[in-house]
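The lines below spell out each chain.
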Amino acid sequence: MACAHGGAHSADLIDCVHAFGNLAEYAVAPAFCVFGSVIEETIVLNVNKELSGGGVRVHGTGHSNGALHVAQAVVGFILDRVAGFARRHAGLKAAALNHEVADDTVENQAVVKTVSYILLKIFGGFRCLVIIQFEFDVTVVSSQQNHQGFLFAKVDHNRSAIVLKSLPLCMSPGWIYGYNTRFQIHTPVNRERMSAESKKAHNFIQSLIEDAIAKGEHTGKVVTRFPPEPNGYLHIGHAKSICLNFGIAETFGGECNLRFDDTNPEKESQEYIDAIKQDVEWLGYKWAGDIRYASDYFDALYDFAEELIQSGKAYVCELSAEQMAEYRGSLKEPGRNSPYRDRSVEENLQLFRDMRAGKFGNGEKVLRAKIDMASPNINLRDPILYRIRYADHHQTGDKWCIYPMYDFTHPISDALESITHSLCTLEFEDHRPLYDWALDNVSGPCHPRQIEFARLNLNYTITSKRKLKRLVDENFVDGWNDPRMPTISGMRRRGYTPESIRAFCDMIGVNKAGGTVDVSMLEFAIREDLNARAPRAMCVMRPLKVTLTNYPADKTETLVLPVHPQNPDMGEREVTWSQTLYIDREDFVEEAPRKWKRLAPDQAVRLRGGYVMTCCEIIRDDSGEIVELRCEYDPSTLGVNPEGYKPNGVIHWVSASDSVEADIRLYDRLFNHESPDSDKEGDFVEHLNPESLVVLAGARVEKGLADPRTDLPYQFEREGYFFCDQQLSAEAGRPVFNRTVTLRDSWGKGGK
């Protein structure tokens, strides 16, 4: 395998894969004619003929075309990498496939060095050219599987390529991961290695810094900062910025500051400051030194403003907001100079000092930079540097009645903290000339470099603070930490782990291209984390009473089950077997459909970790509702299969006498529209999902969950992952569990 990083320079990338001979001529070069302007990285995967090699193992049934199945396996493997693992597993090796197809095997695999085609796939802005080269003849007739989403065209040996076209269904990463699971394409993940390698994963910002260091343009320590405004709670988009800023500093052995951009006191509060600090620490990061505030630099900022006035580069303006907008012009027309633009330095200086002294009313005067009213960049058309606001500040009290604007505060605060790289989202790209202008025209200690990256856009999600605040203020949700909210505190309360959020941010990568990331990638990240670590337990959400008529009423047994079936080091747990049990109502039907794998009249099931039982009688109440099942258990089936018959399947259960009542809160996506705020004429709240919260009272859980863990969710077997809500549990006097995520992506399979 060869892998090259960089932009759209076809010659460089072709050189990197030249060792593959005609691969460059027949695959890479033509691809760049079409895709060259958008490719950021190239991966070449060489699939060899060795059947015992490692990393990918394919098992399948019902596929008569073995070669087709192999090709699908390779594509599934590649898509898995492109969706994120290519970044984590930077040492991706040439893969060997072990073909074990039940119906057929791949025959006539003469080594002909066939070039398999080019797959361009864009996931969350990660633009990767993937070239798959087979070292055996993959002759595949044109075929399209119903739901598998891949189209294969015939190979003309070494002069043509297999044409792999991505169909729209492949746009869901969650679906792709499900595809890999269904076909058992195993790519084992080692958590420690994954964490270590994620720190090594390159992005364009890291490459820029490395280039600057190599050229001698940057020496000394790399210092970044995370500068949130304390006007709301942090959300998943901020998590990307946190991971990037702290991660870049860690990669280069530097430091990252936490600085609150507190220049708008009317919308800020200590509550938000405390929540932000908690979120950053919970994600596993530690800022350098003390917490910083932009307000720490108000005196210095004021002095720099006077410096601009004295050099003739700032003036006090009395235009109203409406007049200023009129004078600013438009994208098609230049602006006009303010009538106050040519005041003398002395007059401007006195007026600015009078502004500070409180001699004018709110908004009566502003301080503006004197740059260029005809600039094509509207941000340079004499932007406001200071405005009058009579408001108590949470850090400075009533000391100030004038407050600096963000575009003036940001660069100077960076310089005062000796920030080397100021990482911002793309909406600040047009503000960079103003960032540089401010630093070039004051006597600051240094000139940091601003670099922009694409913000995180997540489907089925709102990340606008203003809109999130509306959801809170109008009681559409139960506060900023409602488990349906995309806030970090809401996700924490729901059961998301810091490891899963960091893994998600690593998967989506860092780039300059905007795009929307499928929320199923976030859900995959938490499933992947919890599948390896979450303790198992049984919860009957909709209890239906079961009486074992042939089991003594005065007898109980203690059964021992593993805490985690794949991790014996996590220990064991005990559950009680008794005459009266509870199963879930959804695990019983009176008329069993074809291939029913649960309980039905006169049919048998195994209870998880226990015996096999058969349903013999149904008991109803006066309204006709089923209230009890009378069953017989087979005492010879504990840990062994019954003789002479086969149970339908395995279901979960709890003892009626030795279980604990609990409330279950089934959380789902807050919005049922993929882009809830895309309708500019409608209201985004119209797309709220009415089933985003379903409360099930009276559920029953294992006795060991009477005092549940609060550091990690449980996997409720066959149901999903659930996290104890400490706040609601204390209020209810019994355990309350929030559903973190389902076991499978029901949305991606058309279940929603």
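The structure under discussion appears in the preceding block.
What you are looking at is a predicted structure, and each value in this text was computed from that prediction instead of being measured.

Undergrad: Just give me the short version of helix H13 (residues 432-440), but keep the residues and values in it.
TA: For H13, the full list of buried residues reads Leu 434, Tyr 435, Trp 437, Ala 438 and Leu 439. Looking at the buried residues of H13, the elements they touch are helix H9 (298-310), strand E14 (366-369), helix H12 (406-416), strand E17 (421-425) and strand E18 (449-453).

Undergrad: Which residues make up the nonpolar core, and what values go with them?
TA: Core analysis: the biggest nonpolar cluster contains 41 residues, and Ile 236, Ile 242, Val 280 and Phe 504 have the highest contact counts within it. Only helix H7 (236-251), strand E11 (255-260), helix H8 (270-282), helix H15 (488-494), helix H16 (498-508) and helix H17 (519-533) provide two or more residues apiece to this core. Tallying contributions element by element places H17 first for this core, with seven residues. Ile 236 has contacts with Leu 456, Leu 458, Thr 463, Pro 486, Met 491, Ile 501, Phe 504 and Leu 522, leaving out every residue within four places of it along the chain. In terms of nonpolar packing, the next biggest core, distinct from the first, is built from 31 residues, Leu 351, Phe 360, Ala 369 and Ile 402 among them.

Undergrad: Can you tell me about the packing of aromatic side chains, naming the residues and giving the values?
TA: All told, the structure shown has 22 aromatic pairs when counted by the stated rule. Taken together, a centroid distance of 4.9 Å and an interplanar angle of 15° make the contact between Tyr 302 and Phe 352 stacked. With Tyr 302 in helix H9 and Phe 352 in helix H11 (residues 345-356), this residue pair connects regions lying 50 residues apart in the sequence. A relative accessible area of 0% places Phe 352 in the buried class. Consider the rings of Tyr 714 and Phe 737, whose centres lie 6.4 Å apart with planes at 85°: the pair is edge-to-face. Separated by 23 residues along the polypeptide, Tyr 714 in strand E34 (residues 714-716) and Phe 737 in strand E36 (residues 736-742) bring together distant segments of the chain. For Tyr 714, a relative accessible area of 7% translates into the label buried. Through a chain of ring-to-ring contacts, the aromatic side chains of Phe 298, Tyr 302, Phe 352, Tyr 386, Trp 400, Tyr 403 and Phe 408 assemble into a single cluster. A cation sits over an aromatic face here: Arg 336 above Tyr 327, 4.2 Å from the ring centre.

Undergrad: Any chance you could break down a positive patch on the surface for me, citing the residues and the numbers?
TA: A cluster of basic residues, Arg 594, Lys 595, Lys 597 and Lys 646, forms a positive patch at the surface. By the secondary structure assignment, Lys 595 is in the loop between strand E26 (580-584) and strand E27 (604-607).

Scoring rules and cut-offs
Residues numbered from 1 in each chain as written. Predicted model: local features only at pLDDT ≥ 70, side-chain atom pairs only at ≥ 80, totals over all residues. Heavy atoms only, no water. Buried < 20%, exposed > 50% of the residue type's maximum accessible area, 1.4 Å probe, protein only. Helix = DSSP H or I, 4+ residues; strand = E, 2+ residues; numbered from the N terminus. Contact = heavy atoms within 4.5 Å. Core = buried A, V, L, I, M, F, W, Y, C linked by side-chain atoms within 4.5 Å. Phe/Tyr/Trp six-rings, centres within 6.5 Å; stacked < 30°, edge-to-face > 60°. Lys NZ or Arg CZ within 6 Å of the ring centre and 35° of its normal. Patch = residues over 30% accessible without salt bridge, like charges linked within 9 Å, V, L, I, M, F, W, Y side chains within 5 Å. Areas by Shrake-Rupley, 256 points an atom, 1.4 Å probe, with all protein chains shown as cover. Salt bridge = Lys/Arg side-chain N within 4 Å of Asp/Glu carboxyl O. Lys, Arg positive; Asp, Glu negative; His and termini not counted. Charge placed at Lys NZ, Arg CZ, Asp CG, Glu CD.

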